[in-house]
Amino acid sequence: MIEQIFTASVFASMIRLATPYIFAALGETFGQRSGVLNLGVDGIMLMGAFFGFYAVYITGSLVLGVAAALLIGLLLGLATAFVSVTLKAEQGISGIGVYLFGLGMSELLFQRLIGTPKSVSGFPPIHIPVLSDIQFLGIGQIFFNHNLLVYVAFALVPISAFILNRTTFGLMIRAVGQNPEAADAMGINVARVRYMTVAIGGMLSGLAGASLSIALLNVFQQNLTSGLGFIAVALVYFGRWKPFGVMGGALLFSFVNALQLQVSSLNLNIPSEFAVMAPYVITIIALVFASKQTEKPTALTKPFDRGE
Amino acid sequence: MTDSPTMRRIQHLHMQGIVKRFPGVLAVNHVDFDVQAGEIHALLGENGAGKSTLMKLLYGLYHPDEGRILIDGAEVRIRSPHDAIMQGIGMIHQHFMLVPSLTVAENVALGMKSSRGLVLDLDVVSKRLRELSEQYNLKVDPNIPIWQLAVGEQQRVEILRALYKGAALLILDEPTAVLTPQEVEDLFRILRKMTSEGHALIFISHKLHEVLAISNRITVLRDGQRVDTIPTSEATKLKLAQMMVGRPVVLEYERPPCQAGAESLVLSGVSAISDRGDLGLKDVSLKVCAGEIVGVAGVSGNGQRELAQVISGLRAPSGGSIQVGGRDVTGRPPSVLNTLGLSYIPEERMVDGVIKEFSVSENLVLQDHGRPPYTWGKIFLNFRTIARTCKDAIRAYAIKTPGPDTPVKNLSGGNIQKLVLARELSRRPKVLIASQPTRGVDIGATEYIHRRLLDERAKGTAILLISEDLDEIMALSDRILVMYEGRIVGEVPGGKVDVRHLGAMMAGASLDA
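Residues numbered from 1 in each chain as written. Chains lettered and ligands numbered in written order. Predicted model: local features only at pLDDT ≥ 70, side-chain atom pairs only at ≥ 80, totals over all residues. Heavy atoms only, no water.

## What about the interface of chain A and chain B?
Contact with chain A, which involves 22 residues of that partner, is made by 29 residues of chain B. Both sides together, the interface formed by chain A and chain B hides about 2000 Å², and carbon and sulfur atoms give 65% of it. Of the charged contacts in the structure, one is a salt bridge between Glu106 of chain B and Arg174 of chain A, with a shortest N-O distance of 3.1 Å. Where chain A meets chain B, there are five residue pairs in polar contact (both at pLDDT 80 or more). For the side of chain A that touches chain B, the element with the most residues is helix H8 (residues 168–178) of chain A, which contributes six residues. Class assignment of the residues belonging to the side of chain A that touches chain B gives a composition of nine nonpolar, seven polar and six charged. (Contact = heavy atoms within 4.5 Å. Buried area = accessible area lost by both parts, 1.4 Å probe. Salt bridge = Lys/Arg side-chain N within 4 Å of Asp/Glu carboxyl O. Polar contact = N/O pair within 3.5 Å; in protein donor to acceptor, adjacent residues only side chain to side chain. Helix = DSSP H or I, 4+ residues; strand = E, 2+ residues; numbered from the N terminus. Nonpolar A, V, L, I, M, F, W, Y, C, P; charged D, E, K, R; others polar.)

This is the structure in structure tokens:
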């Protein structure tokens with residue numbers, strides 16, 4: 001039975017299903033490292049998913065689909081930054097507002113513009129020559145047989161780590177998230193840095209949504225993400241604000257997801273509800289242990305005020 | 001880091017007619033201030049006199065409502081710290097502006113352009129930092145994270161960073177507040193070297209002897225206005241104190257000989273876990289007798305906070321025993337300790353001392369509000385008694401407040417501290433724990449609080465005075481204990497004390513060494 005469960009296709013779906021988590025959680029990592037908690041990720045993902053889908057549905061162009069998702073993500077990211085940074089609103093609450101806006105608006109637009117569930121042809125799998133043919137342990141199938149956005153997501157992990165740890169911009173982000181007063185005294189514009197990170201987070205959230213609607217599932221429906229964006233926020237804590245940690249969390253989570261799909265397809269004598277619950281239960285357990293040893297940005301959720 | 005503004009000289013900086021208003025307050029009122037290359041100009045004043053505000057205006061953190069700033073005769077506009085840095089102005093803040101999780105080099109590189117464009121050049125920064133630290137004899141490892149450095153080392157990083165950025169004029173906001181006497185001497189040595197190389201320094205302080213020791217000129221501010229600027233050679237402690245307070249003050253108290261009675265507070269081998277999770281208090285034993293003031297000296301963060309909390313029942317000891325008035329009270333809650341005659345003046349008065357939204361009268365009966373005479377039948381508050389007691393306290397302790405119903409948050413630091421003192425002393429304590437009783441309190445109120453503590457001593461109260469202010473410890477204590485890394489490392493009798501000896505113990509050298 002073990003061979004039936006842990007197949008190469010399960011590991012392949014693990015990699016594939018990790019994509020939206022990685023995009024959204026990496027974006028959220030940038031925001032949180034600079035001290036802004038964006039709980040509206042799921043709402044931005046839904047809007048990105050819808051606009052990406054709609055652009056492809058109308059034009060058939062995947063490039064336009066991605067562009068539409070990035071653009072709406074950017075706009076909602078800037079709106080989030082305006083509320084959190086400029087208006088200094090309570091971030092936990094305003095994020096829920098952004099989520100509900102995205103949830104309702106994407107549903108409304110879907111009803112008005114499309115109506116019934118339809119599918120589009122999304123990003124096709126790319127068979128990487130030679131590598132995708134490796135039979136040994138199913139490596140070809142697991143790693144080298146995915147659509148473009150999967151590769152982009154995994155490529156963004158080292159890139160994000162490099163930006164955060166090795167660039168002047170990354171240093172500013174870390175300083176602003178740990179001690180905004182110090183960053184301010186060193187001549188850094190705290191608000192501008194936070195706007196930029198939240199905008200990046202918005203764009204990546206939009207892309208995360210599009211990765212569902214035009215690459216993984218190729219459909220749009222009401223509440224397509226079903227709370228995936230909230231898991232992405234949790235993954236940032238789980239990954240201790242480090243891109244590779246976040247990727248590890250995303251993989252663990254998508255692995256349990258993939259396993260759950262496999263188990264339910266095998267008609268084993270396990271109530272399917274348990275299988276559906278499993279990823280969330282595991283997340284909570286993992287978070288309980290992960291959150292104890294935090295390297296949390298100390299200024300997270302705290303608006304910056306010079307006191308003038 | 002090629003773009004660091006090349007060390008431009010500031011021969012003369014002049015602030016003219018500076019005005020800064022905050023809602024309801026005129027924080028800086030038409031102040032003129034100037035500083036020249038090669039001099040240390042001290043800015044002296046009480047808390048709230050406007051020293052820090054004036055300097056934040058110069059550093060671009062605040063913007064003046066009126067007035068102008070001239071550098072070498074030309075008017076400059078400083079809209080942000082970035083502008084200030086570009087003009088060659090650096091500032092060492094009272095609370096260090098360092099990011100604890102970042103390394104020394106990263107903190108220096110922060111906000112500067114890199115020689116590699118977008119990519120950090122920390123190796124280049126480290127190399128230059130090493131050169132600078134040799135030049136000024138300021139030893140710092142560039143690759144160590146800030147949180148691993150002691151406070152004095154963190155200050156060196158701040159100074160190095162300012163030098164790195166080419167500061168020609170350096171503002172030091174209360175730089176000695178967190179240093180041991182030895183570290184203060186080191187700092188002064190560095191400052192003198194900087195002036196000899198043509199830097200202009202502004203030294204903010206409220207400690208008279210330091211200002212007298214280091215500065216060339218002194219400007220005194222009071223209530224947002226400049227009282228006067230005088231050459232240091234013409235200044236004396238008494239004269240400066242009078243300028244600061246606006247009336248004659250007494251700087252030394254008469255202390256009748258100690259009439260030590262029974263042992264009122266006894267700690268044997270007490271240990272406690274700190275908030276960081278390590279052993280913050282290690283095997284501490286001490287005794288305080290009735291009618292005696294025992295001072296606990298030490299640099300901030302060496303277990304003083306844990307000591308005060310353990311005795312007052314706010315932190316559970318992990319070992320040892322505590323006796324108050326001969327009764328074992330180890331691990332008992334504050335309510336029990338209160339009834340045994342223990343009073344506590346906490347160091348964080350706004351957090352642990354008062355409820356700042358509550359009124360003066362409510363705060364005055366915070367512990368005893370549930371008992372007669374403040375209640376009818378233990379259920380209903382007796383507002384008439386509360387009001388009367390409160391009026392008496394306000395008068396007796398000279399608490400400046402618009403009325404008993406004013407929220408405490410609207411009072412000044414000194415008056416809040418007097419309120420806490422009034423409340424704790426009105427309970428006629430046998431044992432008083434006073435933790436940093438005059439931190440952030442103006443000279444006038446400090447003088448008053450010191451007198452009340454000496455009065456309590458005369459009445460036979462056992463007082464444990466925990467303070468980072470050595471002057472305070474030396475002025476009041478009959479015996480002085482020194483804490484270092486959670487232990488008591490030495491004891492010296494009060495009165496004539498060798499400051500250097502005390503400072504050495506505060507820095508970790510043991511008494512017998």
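We are not done yet, so read on.
## Examining the domain arrangement of chain B
All names here are of chain B. Taken domain by domain, chain B consists of domain 1 (12–245) and domain 2 (263–353 + 429–506). On the side of domain 2, 13 residues touch domain 1, which itself brings 10 residues to the contact. Of the roughly 950 Å² buried at the junction of domain 1 and domain 2 (both faces included), carbon and sulfur atoms supply 59%. The interface formed by domain 1 and domain 2 holds one salt bridge in total. Glu185 is the partner of Arg500 in a salt bridge, and the nearest nitrogen-oxygen pair spans 3.1 Å. Residue assignment for the side of domain 1 that touches domain 2 shows that the elements contributing at least two residues are helix H6 (181–196) and helix H8 (237–245). A per-element tally of the side of domain 1 that touches domain 2 places H6 first, with three residues. (Domains from an automatic or database assignment.)

## Concerning the nonpolar core
Within the largest apolar cluster, 105 residues are counted, with the highest numbers of intra-cluster contacts made by Met55, Leu58 and Ile89 of chain B. Contacts of Leu58 of chain B, omitting those with residues within four sequence positions, involve Leu13, Met15, Ile69, Ile78, Ala84, Ile89, Leu169, Ile171 and Ile202 of chain B. (Core = buried A, V, L, I, M, F, W, Y, C linked by side-chain atoms within 4.5 Å. Buried < 20%, exposed > 50% of the residue type's maximum accessible area, 1.4 Å probe, protein only.)

## Considerations on H8 of chain A
With 10 of its 11 residues buried, H8 of chain A lies for the most part within the structure. Every buried residue of H8 of chain A is listed here: Thr168, Phe169, Gly170, Leu171, Ile173, Arg174, Ala175, Val176, Gly177 and Gln178 of chain A. Along its buried surface, H8 of chain A packs onto helix H2 (8–33), helix H7 (148–166), helix H9 (180–185) and helix H10 (190–216) of chain A together with helix H3 (104–109) of chain B.

## Here's the deal with the pairing of strand E3 (residues 40–45) of chain B
Residues and elements named next belong to chain B. For E3, the buried fraction is high: six of the six residues fall into the buried class. Side chains Ile40, Ala42 and Leu44 of E3 all project onto a buried face; the interleaved residues His41, Leu43 and Gly45 project onto the opposite face, where all are buried too. As judged from the five bridges shared by E3 and strand E8 (residues 200–205), these two strands associate in the parallel manner. Its bridge partner lying in E8, His41 is registered against Ile202. (Pairing = 2+ DSSP bridges.)

## Points about the pattern of salt bridges
When their charged atoms lie close together, side chains carrying opposite charge are able to pair. Residue and element names in this part refer to chain B. Taken as a whole, this structure holds 25 salt bridges over all chains when the rule is applied. Between Glu66 and Arg21 there is a salt bridge whose closest N-O contact spans 3.1 Å. One end of the pair, Glu66, is in strand E4 (residues 66–71); the other, Arg21, is in strand E1 (residues 12–22), and 45 residues separate them in sequence.

## A short note on unusual backbone geometry
Of note, the phi angle at Thr301 of chain A is positive, near 70 degrees, even though the residue is not glycine. By secondary structure assignment, the location of Thr301 of chain A is in the segment after helix H13 (272–290). A positive phi angle is found at Glu174 of chain B, which is not glycine, with a value near 45 degrees. Along the chain, the position of Glu174 of chain B falls in the loop between strand E7 (169–173) and H6.

## Observations concerning a nonpolar patch on the surface
A cluster of nonpolar side chains, Ile270, Phe274, Met277, Val281, Ile284, Ile285, Val288 and Phe289 of chain A, forms an exposed patch at the surface whose accessible area comes to about 770 Å². Mapped onto the secondary structure, Ile270 of chain A falls in the loop between helix H12 (243–265) and H13. (Patch = residues over 30% accessible without salt bridge, like charges linked within 9 Å, V, L, I, M, F, W, Y side chains within 5 Å. Areas by Shrake-Rupley, 256 points an atom, 1.4 Å probe, with all protein chains shown as cover.)

## Here's the deal with the sheet that holds strand E16 (residues 342–345) of chain B
Residue and element names in this part refer to chain B. The six strands lie next to each other as E16-E19-E20-E13-E21-E22, forming an open sheet whose pairing is mixed. Across the chains shown, the open sheet's two edge strands, defined by having one partner strand only, are E16 and strand E22 (487–493). Within this sheet the neighbouring strands show an average axis-to-axis angle of 20 degrees, counted without direction. Examined bridge by bridge, strand E13 (residues 293–297) and strand E20 (residues 462–466) share four bridges and lie parallel to one another. Note on E20: the bridge partner recorded for Val296 is Ile466. Contacts between helix H9 (residues 304–311) and the sheet are confined to E13, E16, strand E19 (431–435), E20 and strand E21 (479–484), with E20 contributing the most and set at about 150 degrees to the helix. (Axes fitted to C-alpha atoms, helices over the stretch in contact; angles between N-to-C directions.)

## Regarding the sheet that holds E1 of chain B
Residue and element names in this part refer to chain B. Overall, antiparallel pairing links the four strands, which are arranged E2-E1-E4-E5 in an open sheet. In this open sheet, the two edge strands, each paired with only one partner strand, are strand E2 (25–36) and strand E5 (74–76). Pairs of neighbouring strands in the sheet enclose a mean axial angle of 30 degrees, with direction left out of account. Pairing of E4 with E5, which is carried by three bridges, proceeds in the antiparallel orientation. Within E5, the position partnered with Leu70 by the bridge is Glu75. Those strands touched by helix H1 (residues 51–58) are E1, E2 and E4, and its axis lies near 115 degrees from that of E1.

## Digging into helix H4 (residues 62–86) of chain A
Residues and elements named next belong to chain A. The end-to-end C-alpha distance of H4, which contains 25 residues, comes to 35 Å, matching closely the 36 Å that a straight helix rising 1.5 Å per residue would cover. Where H4 is concerned, the buried positions are Leu62, Gly65, Val66, Ala69, Ile72, Gly73, Leu76, Gly77, Thr80, Ala81, Ser84 and Val85. At its buried positions, H4 is contacted by helix H3 (41–59), helix H5 (91–113) and H10. The opening residue of H4 is Ser61, an N-cap whose side-chain oxygen sits 3.4 Å from the backbone nitrogen of Val63. In the stretch just after H4, Lys88 is the one whose phi turns positive, near 55 degrees. (Expected span 1.5 Å × (residues − 1).)

## Re the packing of H3 of chain A against H4 of chain A
All names here are of chain A. Relative to each other, H3 and H4 sit at 150 degrees, their axes nearing to 7 Å. Looking at the two axes, H3 sits roughly antiparallel to H4. In this structure, H3 crosses over H4, and the sense of that crossing is right-handed. Note on element contacts: H4 touches H3 through Leu62, Leu64, Gly65, Ala68, Ala69, Ile72, Gly73, Leu76, Gly77 and Thr80, opposite Ile44, Met47, Gly48, Phe51, Gly52, Ala55, Val56 and Thr59. Looking at the contact of H3 with H4 residue by residue, the classes come out as 11 nonpolar, seven polar and no charged. (Parallel < 35°, antiparallel > 145°, perpendicular 65-115°, else oblique. Left-handed = near helix turned anticlockwise from the far one by under 90°.)

## A few points about the packing of H4 of chain A against H10 of chain A
Residue and element names in this part refer to chain A. Where H4 meets H10, the axes come as close as 6 Å, and the angle between the chain directions of the two elements is 140 degrees. Along this stretch, H4 crosses H10, giving a crossing that reads as right-handed. Split by residue class, the contact of H4 with H10 holds 17 nonpolar, seven polar and one charged.

## Re the side chain of Asn218 of chain A
By the element assignment, Asn218 of chain A lies in the loop between H10 and helix H11 (228–238). Apart from residues no more than four positions distant in its own chain, Asn218 of chain A is found in contact with Phe53, Lys118, Ser119, Val120, Gly122, Phe123, Leu212 and Ser213 of chain A.

## Focus: the packing of aromatic side chains
Residue and element names in this part refer to chain A. Under the counting rule described, the total for this entry stands at 13 aromatic pairs over all chains. Plain terms: the ring middles of Phe50 and Tyr54 are 5.6 Å apart, the flat faces sit at 10 degrees to each other, and that makes the pair stacked. Taken together, the residues span about one helical turn, with Phe50 and Tyr54 both in helix H3 at a distance of four residues. Residue Phe50 is classed as buried on the basis of its relative accessible area of 0%. Taking the centre distance of 4.8 Å and the plane angle of 75 degrees together, the rings of Tyr99 and Phe230 count as edge-to-face. With Tyr99 in helix H5 and Phe230 in helix H11, this pair connects stretches of sequence that are 131 residues apart. Overall, Tyr99 belongs to the buried group, its relative accessible area being 15%. An aromatic cluster of at least three residues, connected via ring pairs, comprises Phe50, Phe51, Phe53, Tyr54, Tyr57, Phe110 and Phe220. (Phe/Tyr/Trp six-rings, centres within 6.5 Å; stacked < 30°, edge-to-face > 60°.)

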